[in-house]
Amino acid sequence: MSADTTDRQPVLDIRGLCVDYGYGDAATHAVIEADLTLHRGEVVGLAGESGSGKSTIAYGATRLLRQPGVVTDGIVRFTPDAGKPDETIDILEASPQQLRAIRWSDIALVFQAAMNSLNPVMSVQAQLIDTLAAHGRGASRRERIDRAGELLELVGISQDRLKSFPHELSGGMKQRVMIALALALEPQVVIMDEPTTALDVVTQRQIMEQIMGLRDRLGFSVLFITHDLSLLLEMADTIAIMYAGRIVETAPARQLFHAPRHPYTAALLDSFPSLHGERTVMTGIPGSPPDMRKPPAGCAFADRCKFALDRCTADQPVLSSPAIKADGRRQVACWLHEENELPEPLAAPEPAVQAAGAAPEGGSK
C-alpha cells in the first residue's frame, strides 16, 4: 500500500495553524491550532464533515487563501532536502520569491473540481507548456511540448489529446490533466483537495489507483483531503480526523479503522453502510456542528457525543497520546482517555464498515 516511511523524516510540518475568515468579533474561526505532519513518501488523509476546515488547512499552509481568509497564527515548516533536515523554510514567513520557488516545483496542489480549475479557452498543451515555461523547465518550445506529452502519458491519456480543450474531455480526463499539471515539475509534496469529487465510482477507482501508482513510482508525499473516509481507509498510511476547525484524532489507517479512539471518528465510521453481513439502520450523527464565530469553551463535539463527561463542555481537550492502551503514533483529543473512562464499545468496536479493498486487521492493504 505504501512507500517505505520507516525513517519518518518530516517534509511538511504544520504546528498551531489558526485561520479565520473575516476580522474582529465577526470572524469565523475555520482552523484552530491545527497540528499535522507529512513524512517523506507518506500518504496522509484528512477527513471530516463538510465545513470542518480541511481545505482551509491546505490553502492556509501554502498561503493560497483568498480574502477574507487570513492566517492568524502558526508555523508551517517545509524541509526541501532529505539530507539536510535542519534546513527548513517557514512558508508563512517566506518571501514572495521563496514562495514562487517552492510552489509547484516543491509543493503542488490538485484543486477541488477540475471542471473549474482548467482554463476553458486554452488547450491542454498550452496549459502544460505555460506551467513549464513559468518555472524555466525546457530549453525550447519543442522540449516543453515533448514534456507535456510525457505528462499526459504518465496519467494515462494519449498525446493525441494535447490539442484538446477542457470541454472536449470527460470529467475523469480533466482530473488526470490536473494531476499531470501538479506533477509537471516533480514536486516533493502533492496536496489533493477532493480530487475525485463528482466522478462516478469506476472513474474514481481508476483515479485512485493512478495516484497510488504514481506515488510509488515517483516517491512524492501526498496530503489527501476528502469527506469520504472509506477512500482514506484504503489508500492512506495515516489519517487525521477534523471536526469544527480542530484535528481531533490522528492514527495509522488500520488502527483508526479497527479501533477509533474519538467518538466523532467512531460516528463517522458508523455512518458508512456495511458491505458485508446483515443490513442495519443508518442513524448518522445527531445534531449540528457549532457556530464557528463563537466556538464552545470545551469540546466542540460534546453536544453530539453520547459519551460526554461534565468537563467536556467546560475544558478543551488537547491532542495527545491516549492514556489508555497507547498505540504508537496515535493521538486523540478526548477527555475520555484522560479520565480513564474509555467506553468499551469505543475501545474495541466491531467495525460497521468494510471499505472496498480495506484489509482485515493484521493484513496489508
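Everything that follows concerns the structure shown earlier in this document.
Here the structure is a predicted model, which is why all the values come from computation and not from measurement. Within every chain, residues take consecutive numbers counted from 1 along the sequence as written. With pLDDT at 70 or above as the cut-off, local features in this predicted model cover only qualifying residues; side-chain atom pairs require 80 or more to be listed or tallied, and sums for whole chains, interfaces and linings still use all residues. The basis for the side-chain values is all heavy atoms of the structure; hydrogens and waters are excluded.

### As for the pairing of strand 7 (residues 189–193)
And then number 1: Throughout, exposure labels follow a simple rule: accessible area from a 1.4 Å probe, protein chains only, divided by the maximum for the residue type, with under 20% read as buried, over 50% as exposed, and the rest as partly exposed. Helix and strand assignments follow DSSP, with helices taken as H or I runs no shorter than four residues and strands as E runs no shorter than two, numbered in order from the N terminus. Most of strand 7 sits out of view: five of its five residues are buried.
And then number 2: With burial as the criterion, each face of strand 7 is covered, one bearing Val189, Ile191 and Asp193 and the other bearing Val190 and Met192.
And then number 3: A pair of strands is labelled paired if DSSP reports no fewer than 2 bridges between them. Both strand 6 (residues 107–110) and strand 7 contribute to a ladder of four bridges, which runs parallel. Along strand 7, the bridge assignment pairs Leu109 with Ile191.
And then number 4: Relative to strand 8 (residues 221–226), strand 7 runs parallel, the two sharing five bridges. Within strand 8, the position partnered with Val189 by the bridge is Ser221.
And then number 5: Whether a crossover is right-handed comes down to one check: with the strands pointing away from the viewer, does the path from the first strand over the helix to the second run clockwise; if it does, it is right-handed. Regarding the hand of the β-α-β motif, the stretch spanning strand 7, helix 7 (residues 201–218) and strand 8 is right-handed.

### Some words on the environment of Gly156
And then number 1: Mapped onto the elements, Gly156 comes out in the loop between helix 5 (141–154) and helix 6 (171–183).
And then number 2: Accessibility expressed as a relative area gives 57% for Gly156, which makes it exposed.
And then number 3: Along the primary structure Gly156 and Met173 are separated by 17 residues, whereas in three dimensions their C-alpha atoms are 8.8 Å apart.

### Considerations on the sheet that holds strand 2 (residues 28–39)
And then number 1: What the four strands build is an open sheet, ordered 2-1-4-5; its pairing is antiparallel. Strands with a single pairing partner mark the edges of an open sheet, and in this sheet they are strand 2 and strand 5 (89–90).
And then number 2: When strand 1 (residues 10–21) meets strand 4 (residues 69–78), the two strands line up antiparallel, connected through eight bridges. By the bridge assignment, Val19 is partnered in strand 4 with Val71.

Geometry only, nothing functional implied.
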